[in-house]
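Residue strings, one per chain:
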Amino acid sequence: MTTNVKTIPLAFGSGILKLDIPEKNISSIILPSELEIKEEGASLIKKALENPIKSKRLSEIVNPDSRIAIIVSDVTRPTPTAKILPPLLEELYLGGAKNENITIVFALGLHRLQTEEECCQLVGKEIFEKIRCIQHDRKRCKHLGETSFGTPVEVFEEVVDSDVIISTGTLEFHYYAGYGGGGKSILPGVSSEKSILSFHSFYSKLFEGDPLSGRTDSPARKNIEEAARITGLDFILNVVLDSKKEIVDAVAGDLVGAHRKGTEYVDAMYKVPVEPADAVVVSCGGFPKDINLYQATKSLENATSAVKKGGSIILVAECAEGIGNKVYECWNRECRAPEDAVKRFKNHCEFGGHKAAIVGRTAKEFKLYLVSKLPETESRNAFFIPTKSIDEALEKVLSENPDAKIHVMPNGGWTLTVKQ
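Along each chain, residues carry numbers from 1 onward, in the same order as the chain's sequence is written. Reporting of local features is limited, given that this is a predicted model, to residues whose pLDDT is at least 70; pairs of side-chain atoms are given and counted only at 80 or more, and all residues count toward the totals for whole chains, interfaces and linings. The basis for every side-chain value is the complete set of heavy atoms in the structure, and neither hydrogens nor water enter the calculation.

**Quick look at the UniProt feature "domain: LarA-like N-terminal" (unreviewed entry) in the protein**
(1) Moving on: When the UniProt feature table is mapped onto this chain, "domain: LarA-like N-terminal" (unreviewed entry) is found at residues 12-202.
(2) Moving on: Each end of residues 12-202 is marked by a C-alpha atom, and these two atoms are 33 Å apart; helix forms 29% of the span and strand 27%. UniProt positions are given in the numbering used here, feature names are shortened, and annotations may be inferred rather than shown by experiment. We count a stretch as a helix when DSSP gives it H or I for four or more residues in a row; a strand needs E for two or more, and each element gets its number in order from the N terminus.

This is the structure:
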């Protein structure tokens, strides 16, 4: 009897891998409810800037003497900064803002420094040449106070010393902060190492509770917003992207009001109710979501609700830059078993180690396969079963259960599964 096979392309870095799966095994292809793009991204941004939520327009906030800091995402984020900045600058020019008074700040958090070429590419050559662009320096931060969660608010002095602080970014799900965007560009984006580590250490207290992704009531989100208020974040401009990384919505204005409006759009597109299946194949959606394992684990988290306990998850992530975090790498080497990482994190919250604990917790519930460019040893150390191809991983799952029902998630970095 001939088995009908369906070929599903899955993003892998900047390329594509093909999944050939028997149709009888497909439970569903989990896709976001994306709408047809009827308006250019620049037009959506312009509209958002002209109709800010709970805020004056930027052109009414700035004046010719205003020193302005515009915080933008770094290379690990898919934010289309080069498309966001032109309409944003036009709005600032309406208020009389001058190029010499504007500084673009790359929010690095604890990520690596970027090359000049990467910085130029992110903002666009024309803007890079006419406006001062600098990278966050976590050693040059000013202490401004503390949040009610006990997190010190220590922010990059170039941001603090500005008259007007504007934050840009992408609104998407976040495993800990509920959603990205909003004040997250302040904490952890342009905060000191001490602030960032304090912010992340708080996660160990919430680690074994209900999932926080896709929740605006996440304590981490409240912590972020308190820090952003203390810093004096004046205005946000956030975009929502579809799986092709095209802008489908934009919100601007108050750091909480505008953010919440944007999360409604994210939920409508990307929260997908599912009936758990025997297994799930999840691609991060390609670069930069799978730039390293540190980033790729977010897609793993987004897929867990789609699988029955004891089932299998096949994570498709190129990981061209390896593990992506020295502490995460160290924990992977030192923790021999998933429960070691979980236990260690509860007793000793270390930034980077939280990723080992997250994967460890997941590996205790599911069998984890990884299709990547990582050396096999590194995959095993991270509690995954390494496979050379999607075919090999699928074969292993089907050899254990030939009738397994399998969900496929081509855009795991964007899509959040929720149990029906």
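There is more to say after this.
**So, helix H3 (residues 81-94)**
Because an α-helix completes one turn every 3.6 residues, residues spaced three or four positions apart along the sequence face the same direction.
(1) Moving on: Spanning 14 residues, H3 covers 20 Å between terminal C-alpha atoms, matching the ideal 20 Å at 1.5 Å per step.
(2) Moving on: A 1.4 Å probe rolled over the protein chains alone gives each residue an accessible area, and that area as a share of the maximum for its type sets the label: buried under 20%, exposed over 50%, partly exposed in between. Where H3 is concerned, the buried positions are Thr81, Ile84, Leu85, Pro87, Leu88, Leu89, Glu91 and Leu92. To estimate the expected span of a helix, subtract one from its residue number and multiply by 1.5 Å.

**What to know about the domain arrangement of the protein**
(1) Moving on: Each assigned domain of the protein is listed with its residue range as follows: domain 1 (3-29 + 274-417) and domain 2 (39-267).
(2) Moving on: Look at where the C-alpha atoms of domain 1 and domain 2 centre, and you get two points 29 Å apart.
(3) Moving on: Residue contacts are defined here by distance: any two heavy atoms, one from each residue, within 4.5 Å place the two residues in contact. In this assembly, 23 residues from domain 1 lie in contact with 24 residues from domain 2.
(4) Moving on: For the pair domain 1 and domain 2, the two sides together bury roughly 2200 Å², of which 64% comes from carbon and sulfur.
(5) Moving on: The rule for a salt bridge is simple: a side-chain nitrogen of Lys or Arg has to be within 4 Å of a carboxyl oxygen of Asp or Glu. For the interface between domain 1 and domain 2, the tally reads two salt bridges.
(6) Moving on: Across the pair Lys289 and Glu172 runs a salt bridge, and its minimum N-O distance is 2.2 Å.
(7) Moving on: Counted as a polar contact is a pair of N or O atoms within 3.5 Å, where, for protein atoms, one must be capable of donating a hydrogen and the other of accepting one, and residues adjacent in sequence contribute only when both atoms are in side chains. Counting across the domain 1 and domain 2 interface gives five residue pairs in polar contact (both at pLDDT 80 or more). Those domain boundaries reflect an automatic or database domain assignment. Note: buried area is the sum, over both parts, of the accessible area (probe 1.4 Å) each one loses when the two are combined.

**Examining the side chain of Thr297**
(1) Moving on: Within the secondary structure layout, Thr297 lies in helix H11 (residues 293-303).
(2) Moving on: In this structure Thr297 comes out as buried when scored by relative accessible area, which is 2%.
(3) Moving on: Look past the residues within four positions of Thr297 in its chain and what remains in contact with it is Tyr328, Lys355 and Val359.

**Some details on the UniProt feature "domain: Lactate racemase C-terminal" (unreviewed entry) in the protein**
(1) Moving on: UniProt marks residues 275-412 with the feature "domain: Lactate racemase C-terminal" (unreviewed entry), using the numbering shown here.
(2) Moving on: Secondary structure content for residues 275-412 is 43% helix and 21% strand, while the C-alpha to C-alpha distance between its ends is 16 Å.

**Details of the sheet that holds strand E4 (residues 68-73)**
(1) Moving on: Strand order across the open sheet formed by six strands is E6-E5-E4-E9-E12-E13, with mixed pairing between neighbours. The open sheet has two edge strands with one neighbour each: strand E6 (132-135) and strand E13 (247-253). Each neighbouring strand pair of the sheet contributes to a mean axis angle of 20°, computed without reference to strand direction.
(2) Moving on: The angle between two axes is taken between their N-to-C directions and runs from 0 to 180 degrees, where each axis is a line fitted to C-alpha atoms and a helix contributes only its stretch in contact. Of the strands in this sheet, E4, strand E5 (102-107), strand E9 (164-170), strand E12 (235-241) and E13 are in contact with H3, which crosses E4 at around 165°. For two strands to be treated as a pair, DSSP must find at least two bridges joining them.

**Remarks on the environment of Val239**
(1) Moving on: Here Val239 shows up in strand E12.
(2) Moving on: In this structure Val239 comes out as buried when scored by relative accessible area, which is 0%.
(3) Moving on: In this structure the C-alpha to C-alpha distance between Val239 and His259, which are 20 residues apart in sequence, comes to 9.8 Å.
(4) Moving on: In this view, Val239 contacts Ile45, Pro80, Ile84, Gly169, Thr170, Leu171, Ile247, Asp249 and Ala250; residues no more than four positions away in its chain are not counted.

**Overview of the packing of helix H13 (residues 338-347) against helix H14 (residues 353-365)**
The angle between the axes and the distance between the axes are what describe a pair of packed helices.
(1) Moving on: One way to put it is that H13 packs onto H14 with a least axis distance of 7 Å and a crossing angle of 135°. The orientation of H13 with respect to H14, classified from their angle, is oblique. Here H13 runs over H14; the crossing is left-handed. When H13 is examined against H14, the residues Pro338, Glu339, Ala341, Val342 and Phe345 are found in contact with a partner set consisting of Gly353, His354, Ala356, Ala357, Gly360, Arg361, Ala363 and Lys364.
(2) Moving on: The class makeup of the residues in the contact of H13 with H14 is seven nonpolar, three polar and three charged. Orientation labels follow simple angle bins: below 35 degrees gives roughly parallel, above 145 gives roughly antiparallel, 65 to 115 gives roughly perpendicular, and whatever is left gives oblique. Left-handed describes a crossing whose near helix is turned anticlockwise from the far helix by less than a right angle; the clockwise case is right-handed. Residues are sorted three ways: Asp, Glu, Lys and Arg are charged, Ala, Val, Leu, Ile, Met, Phe, Trp, Tyr, Cys and Pro are nonpolar, and all the rest, Gly among them, are polar.

**Some remarks on unusual backbone geometry**
(1) Moving on: Note that the residue after Leu187, namely Pro188, is joined by a cis bond; omega there is 10°.
(2) Moving on: Positionally, Pro188 belongs in the loop between strand E11 (178-179) and helix H7 (193-201).
(3) Moving on: Cis geometry marks the peptide bond from Phe287 to Pro288, where omega comes out at 0°.
(4) Moving on: Note on placement: Pro288 falls in the loop between strand E15 (277-283) and H11.
(5) Moving on: Positive phi, normally seen in glycine, also occurs at Lys54, with a value near 50°.
(6) Moving on: Examined against the element boundaries, Lys54 turns out to sit in the loop between helix H1 (41-50) and helix H2 (58-61).
(7) Moving on: Residues other than glycine seldom take positive phi values, yet Cys319 does so here, at roughly 55°.
(8) Moving on: In this fold, Cys319 is placed in the loop between strand E16 (307-316) and helix H12 (326-334).

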